[in-house]
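# Topology and contacts: notes
Residues per chain, in single letters:
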Number of protein chains: 2
Amino acid sequence: MQFFPAPVENLIDHFARLPGIGRKTAQRLAFHILSLPEEEAKSFAEALTKAKKEIKFCRNCQNLAVEELCSICTAKGRDTSTICVVSGPKDVAAIERTYEYRGLYHVLHGVISPMNHVSPDDIRIKELLARVNTGTIKEVIMATNPDTEGEATALYISRLLNPFDIKVTRLAYGIPMGSHLEFTDEITLGRALEGRREI
Amino acid sequence: MQFFPAPVENLIDHFARLPGIGRKTAQRLAFHILSLPEEEAKSFAEALTKAKKEIKFCRNCQNLAVEELCSICTAKGRDTSTICVVSGPKDVAAIERTYEYRGLYHVLHGVISPMNHVSPDDIRIKELLARVNTGTIKEVIMATNPDTEGEATALYISRLLNPFDIKVTRLAYGIPMGSHLEFTDEITLGRALEGRREI
C-alpha cells in the first residue's frame, strides 16, 4: 500500500537503496528534495548522472579521473619513482590530506578476499606489475588497511614484487596520535613496541 | 583543496547538503553511486527531477497529489463530512497506515510558530475555512502534533471554527501502547488520567 503519490514513493525507494539509509531517513530526504527550489533538485540530478558518466579510471594509477590520466599522475613536481599502493580512491584522498607524500599512487580497487570471492585477478595487481616492470620505480609503499585482508593483499603483492630490484615498504603500525596507552589494544601496542625507533 | 575529481566532489556536495548527512556519509553515498550501473544512477536522477516536477498540492485538501485532486479526495467510499487536520503529508501517511480513518484530510503544511516567523497566514488555514464554509462538514478532527506549536495551532483553528455548527475534536492523549507507566513522563500520565474512560 502506497501512502504517497508514485513519484514521491519512487524517490523514497531510491534513497532507501543507498547504504545505511533506512526507510524513515529516505522519507525525510525525499521530503527535503520536495521542499527545494526546482533548479536545486535538477542540479542534484545532474550531479548524479555526471559523476557516473564522466568519471573513469586513470590509465596509469587506476585512480578516479576525468581525463585519461588523473590529476596526481599529471601533476608537476611529484616523485614518479615511488608508488603508494592503496585499496581505494578514498585512501588516496586520506593520504593526500597529510601533505606528506609527494609520490604517485596505485589504486587496487579492492583487496584479496576469498570470503567475498575476490581473487588477485579481480583487483588491479597486473596493472601495478606492468608499472614496476618499466624499471623507473624505486620504491613501492604498501598502504592497504591493517586488517586481515589488507595485510594478506600487501603480503601477496610484496612477494610478486620480490624479483624486481626495488624497495617494498609498509606503513608503520603503532599507537595513534592523541590516544592513551591504557586504551590501546594489545596487538597495536605489541606492534608499536616491535617498531620502536631511536629518538 | 579537492582530493576527488570535480564531478565526484560536486556529487558529495549535493549529498552533504541533505539534512542529517555529514561529509563522511556524503562521500560514502557518492562512491556508492559511482559503483552503480549507469541506468540505476540515471533512474535515481530521474526520480529526483520527476518528484519535484510532478508533485503539486491537492486543490481540496492540500495533500501531495499528481493530479488536481489527491488520491484520498478522489477515492470512493470515504466519509466526506469529516476532515482530519494535520500539519504535513507524512502525518496523512501515518494516519492512513492505521486503516482506522475513512474521512478526508486537510494538510496545513506547517504549524503556527512565532519563533520561526510562521504566522496563521503562512499555513493553509484559509483553505480549511473555505471547506468548512461549504456546509457539508460535520466534524473536524485536530491532529497536529501534541507539542507546544501543534497545540497552539489546534487551539487557534478550533476557535476559528467556533461560529460554525460543527463538532471539533482533538486526538486522545495518553500512554502509548506497549509502554510502561514507570517510564511514562508525568505530563502524558496526567493527560491519560484526565482522559480516562469507562471500560
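Residues numbered from 1 in each chain as written. Chains lettered and ligands numbered in written order. Predicted model: local features only at pLDDT ≥ 70, side-chain atom pairs only at ≥ 80, totals over all residues. Heavy atoms only, no water.

Throughout the structure, instances matching the rule amount to 12 salt bridges over all chains. Residues B:Glu40 and A:Arg17 are paired through a salt bridge, measuring 3.6 Å at the closest nitrogen-oxygen approach. On the criterion of chain membership, the pair formed by B:Glu40 in helix α3 (residues 38-54) and A:Arg17 in the loop between α1 (6-16) and α2 (23-35) is interchain, its members lying in two chains. Take B:Glu40: its relative accessible area is 32%, and that puts it in the partly exposed class. Taking the relative accessible area as the measure of exposure, A:Arg17 reaches 47% and is therefore partly exposed. Between B:Glu9 and B:Arg23 there is a salt bridge whose closest N-O contact spans 3.4 Å. (Salt bridge = Lys/Arg side-chain N within 4 Å of Asp/Glu carboxyl O. Helix = DSSP H or I, 4+ residues; strand = E, 2+ residues; numbered from the N terminus. Buried < 20%, exposed > 50% of the residue type's maximum accessible area, 1.4 Å probe, protein only.)

Where interface size is quoted, it is often the accessible area lost as the parts come together. Taken domain by domain, chain A comprises domain 1 (6-54) and domain 2 (77-172). The C-alpha-based centres of domain 1 of chain A and domain 2 of chain A are spaced at 35 Å. (Domains from an automatic or database assignment.)

Evaluation of the coordinates by the stated rule reveals 8 aromatic pairs over all chains. Look at A:Phe15 and B:Phe44: their rings are 5.2 Å apart centre to centre, the planes differ by 90 degrees, and that puts the pair in the edge-to-face class. A residue pair is termed interchain when its members come from two chains, as with A:Phe15 in helix α1 and B:Phe44 in helix α3. Looking at A:Phe15, the relative accessible area reads 0%, which means it is buried. Look at B:Phe44 and you get buried, because its relative accessible area is 1%. Aromatic pair B:Tyr101 and B:Tyr105: ring centres 5.2 Å apart, planes at 65 degrees, arrangement edge-to-face. A cation over an aromatic ring shows up here: B:Arg191 above the ring of B:Tyr173, its NZ or CZ 4.5 Å from the ring centre. (Phe/Tyr/Trp six-rings, centres within 6.5 Å; stacked < 30°, edge-to-face > 60°. Lys NZ or Arg CZ within 6 Å of the ring centre and 35° of its normal.)

Residue and element names in this part refer to chain A. Here strand β5 (residues 139-142) pairs with strand β6 (residues 167-170) via 4 bridges, running parallel. Paired with Glu 139 across the two strands is Lys 167, which belongs to β6. A crossover connection joins β5 to the parallel β6 through helix α6 (residues 148-161); in handedness this β-α-β unit is right-handed. (Pairing = 2+ DSSP bridges. Right-handed = clockwise from strand over helix to strand, strands pointing away.)

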